[in-house]
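Architecture and fold: a report
Each chain is listed here by its residues.
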Amino acid sequence: MSLKIKRKTLPEDHPHLAASYNNIGQVCNSMSDYSKALEFYEKDLEITKKALPPNHPDLATSYICIGQVYNNMGDYSKALEFYEKSLKIYEKALPPNHPNLATSYSDIGQVYNIMGDYSKALEFYEKSLKIREKALPQTHPSLATSYNNIGQVYNNMGDYSKALEFYEKSHQIKEKALSPNHSELATSYNNIGQVYNNMGDYSKAFEFYEEAHKIYEKALPPNHPDLATSYNNIGQVYNNMGDYSKAFEFYEKAHQIYEKALPRNHPNLATSYSDIGQVYNNMGDYSKALEFYEKSHKIYEKALPPNHSELAISYNNIGQVYNNMGDYSKALEFYEKSHKIYEKALPPKHPHLALSYICIGQVYYNMGDYLKALEFYEKVHQIYENPLLSNHPHLAISYLNFVACYEKMGDYTAALKTLQSAFKIRQQAFQQGNQAFASTYSWFGRVHRSMKDYSKALDNFEKCLAIYQKTLPDKHPDFGIACSNIGDVHRLMGNYEKALVFHQKALNIQENVQCNPLECATTYINLGETYREMKDYSTALTYYQKGLEIREKKLTKNHPDLAVVYHNMAKLYLATRKYSMAMKNIQQVVEIAQEKLPSNHPHLLEYEETFEKIRKKM
């Protein structure tokens, strides 16, 4: 309405028209209608260029607005181009300690942070901070913003103690400068909560997210998008804890607000569908997960340019579901679509590319192609060799992926050495007893079990279980895995009664909550082995068949994990003198093992020994 009046009363190149175009562009940008935002910002720029001298600060503001749109669109090189144009004007037009110059440095730092160039991000954020420290009083909110930005970089680098240090500096200023119900204070609580969430300290994360939520409830109308983001953060913690009903409750509260407050194709609505999809994926309800991930993807396709990183994340999520479903060709198809976008949109050493390589590597690992998996894990490692990321918790995950392959390939010395590297990183990043240590102890247990060092295996599996008991809800699927592992070691130590107790604990979880069916299959097979060694062959066979049925549905025909079951069944048929059935199973074992395992793998030698025993009986 304002623009219509101005168009009737003012010439086309009047600065007041530029201001109107800028205002409308700003609203379009907030609504994620980026093409419209650019259209209006460029009209603003066209008038401003004619009306003002080339080094006027208002021209710099126009460049900043266009840079922000390109940043939101994921076109970071274009964003930098416009932010740098703005900076050149400010450097000429303003004194060296002017706050606008600090803002300009901060904008450029933000782009480098998103691009994963953390040294550059810190360089520009610190330039911004130096100006603000000189130009502003110690309790000015802009100083808090600077501390917050630097905290964000450290959080992305996985340096959580540094992140907390800067977020807390920011928070202290906001507490002094702002009213107790100011939304910026809530943002501050959210940021600190996010660090604790990343650290796996969920009770602390809750504490800060709830403080943020209290402020939002007082300060904002009930359908404000920031309130939805707050519900979303709390849902995320419940999801990480495996309390999926609670996660749903909060994600759905967030979704209801987004549906009322945002346009139908807003990216935040897509993120909301994606969050709900993630819970279904974690619960093993893969058809529902796909349904929500695809709803999310349709919005992203309409709202974002084709090479936006959010689209890559969306393809990755869909790939993850297909991977969990055992449809590995589909998983690779979506992971590769995701990877192509990352390659175009991001610099070659960006951490998101590393996560993409991890996903592709995991598909090959699940397919039993361990050499191919290692090839992709090696690419991950090259990215994390960046000195700034040398202690990033994701580097520990990278090491654990190597461990998984080495363990399957029978290279236990390499597996243990790599595990020690992962453990050292976790010691630096987390406090002892943090949930992150659970997976490390679990892998120590698995490797020691494979090396037949059962007391060490049991010790590590019990450490893993103790952490889960402190950090996870009672029926979390990870409890099932831990109990199954402990039961298997008791079986190997000849303590069958204890083995049965722990396997039953595992099944009580795995048969009654939605989890990955392959985890349940492993417990059935472990139970089968326990009963076989107890010479209860009919019960053993029942459990083997249950486990085999799941693995045959979920795994490729030549997967090494199928060879394990066939070998167990061959030993059972040998013990019950059904030699033809024993031979049929052991032949399948040897075929898979010769194709998939290295020639010096301990399992291959074991399989050949069983083959010889059966051959002599035929």
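Residues numbered from 1 in each chain as written. Predicted model: local features only at pLDDT ≥ 70, side-chain atom pairs only at ≥ 80, totals over all residues. Heavy atoms only, no water.

Applicable threshold: UniProt positions are given in the numbering used here, feature names are shortened, and annotations may be inferred rather than shown by experiment.
For the protein chain, an unreviewed UniProt entry supplies the name Kinesin light chain and the organism Rotaria sordida. Under the Function (unreviewed entry) heading, UniProt states for the protein chain: "Kinesin is a microtubule-associated force-producing protein that play a role in organelle transport."

**Here we look at the overall build of the protein chain**
Inclusion rule: Helix and strand assignments follow DSSP, with helices taken as H or I runs no shorter than four residues and strands as E runs no shorter than two, numbered in order from the N terminus. For accessible areas, the Shrake-Rupley method is used with a probe of radius 1.4 Å. Any residue's cover is judged against the shown protein chains and nothing else. By the counting scheme adopted, Arg and Lys are positive, Glu and Asp are negative, and His together with the chain ends is not counted. Where a charge sits is defined by one atom per residue type, namely NZ (Lys), CZ (Arg), CG (Asp) or CD (Glu).
Counting its secondary structure elements, the protein chain contains 30 helices and zero strands. Its C-alpha atoms put the protein chain at 100 × 45 × 40 Å along the principal axes. If you sum the accessible surface of the protein chain, you get close to 27,900 Å²; carbon and sulfur atoms cover 49% of it. Computing the positive centroid from 69 side-chain charges and the negative centroid from 69, the protein chain places the two 2 Å apart.

**Brief notes about the pattern of salt bridges**
For clarity, the threshold we go by: The term salt bridge refers to a pairing of a side-chain nitrogen on Lys or Arg with a carboxyl oxygen on Asp or Glu at a separation within 4 Å. Remark: exposure states derive from per-residue accessible area (1.4 Å probe, protein chains only) relative to the maximum for the residue type, with buried under 20%, exposed over 50%, and partly exposed in between.
According to the stated counting rule, one finds 27 salt bridges in the structure shown. For the salt bridge of E612 with R615, the shortest nitrogen-to-oxygen distance reads 2.7 Å. A residue pair is termed a helical-turn pair when its members lie 3 or 4 positions apart in one helix, as E612 and R615 do in helix α30 (residues 602–617) at three residues. Overall, the relative accessible area of 31% leaves E612 in the partly exposed class.

**Section: α30**
Heads up, the rule is: One less than the number of residues in a helix, times 1.5 Å, gives the span that helix is expected to have. Note that the arc is defined by the directions from the helix axis to the C-beta atoms. The contact criterion used is simple: two residues touch if any of their non-hydrogen atoms lie within 4.5 Å.
For α30, with 16 residues, the first-to-last C-alpha span of 24 Å sits near the 22 Å given by 1.5 Å per residue. Every buried residue of α30 is accounted for by L604, Y607, T610 and I614. All buried residues of α30 fall inside an arc of 125 degrees around its axis, so they share one side. Facing away from the buried side of α30, by more than 90 degrees, are the exposed residues E609, K613 and K616. Residues of α30 that are buried make contact with α28 (560–575) and α29 (579–596).

**Quick word on the packing of aromatic side chains**
In plain terms, the rule: Stacked, tilted and edge-to-face are the three classes assigned to paired rings of Phe, Tyr and Trp, where Trp is represented by its six-membered ring and a pair needs centres within 6.5 Å; plane angles under 30 degrees give stacked, over 60 edge-to-face, the rest tilted. For a ring to carry a charge above it, either NZ of a lysine or CZ of an arginine must fall within 6 Å of the ring centroid while also lying within 35 degrees of the normal to the ring plane.
Under the defined criterion, the tally for this structure stands at 30 aromatic pairs. Among the aromatic residues, those joined into a ring-pair cluster are F206, Y231, Y238 and F250. Residue placement shows K337 over the ring face of F334; its charged tip is 5.0 Å from the ring centre.

**A word on the side chain of D275**
Within the fold, D275 resides in helix α14 (residues 267–283). Buried within the structure, D275 lacks any salt-bridge partner; its nearest side chain of opposite charge belongs to K295, at an N-O separation of 14 Å. Sequence-distant contacts of D275, that is, excluding residues within four places in its chain, are made with N232 and Y251.

**Topic: the nonpolar core**
Filter applied, for reference: In these notes, a set of buried Ala, Val, Leu, Ile, Met, Phe, Trp, Tyr and Cys residues joined through side-chain atoms within 4.5 Å is what counts as a nonpolar core.
Counting 206 residues, the largest nonpolar core has Y365 and L419 as the members making the most contacts within it. In this structure L419 touches L400, V403, T440, W443, F444 and V447, once residues within four positions along its chain are discounted. Grouped together as the second largest cluster of nonpolar side chains are six residues, L17, Y21, F40 and I47 included.

**Concerning the environment of L353**
Along the chain, L353 falls in helix α18 (residues 351–366). L353 gets classed as buried once you look at its relative accessible area, which sits at 3%. The sequence separation of L353 and Y105 amounts to 248 residues, and the corresponding C-alpha distance is 26 Å. Sequence-distant contacts of L353, that is, excluding residues within four places in its chain, are made with H339, Y342, E343, P347, P348 and I383.

**What to know about unusual backbone geometry**
Unusually for a residue other than glycine, K452 sits at a positive phi of about 65 degrees. Mapped onto the elements, K452 comes out in the loop between α22 (436–450) and α23 (454–471). Taking the relative accessible area as the measure of exposure, K452 reaches 57% and is therefore exposed. Phi is positive for K535, which is not a glycine, with a value near 65 degrees. Within the secondary structure, K535 sits in the loop between α26 (517–533) and α27 (537–554).

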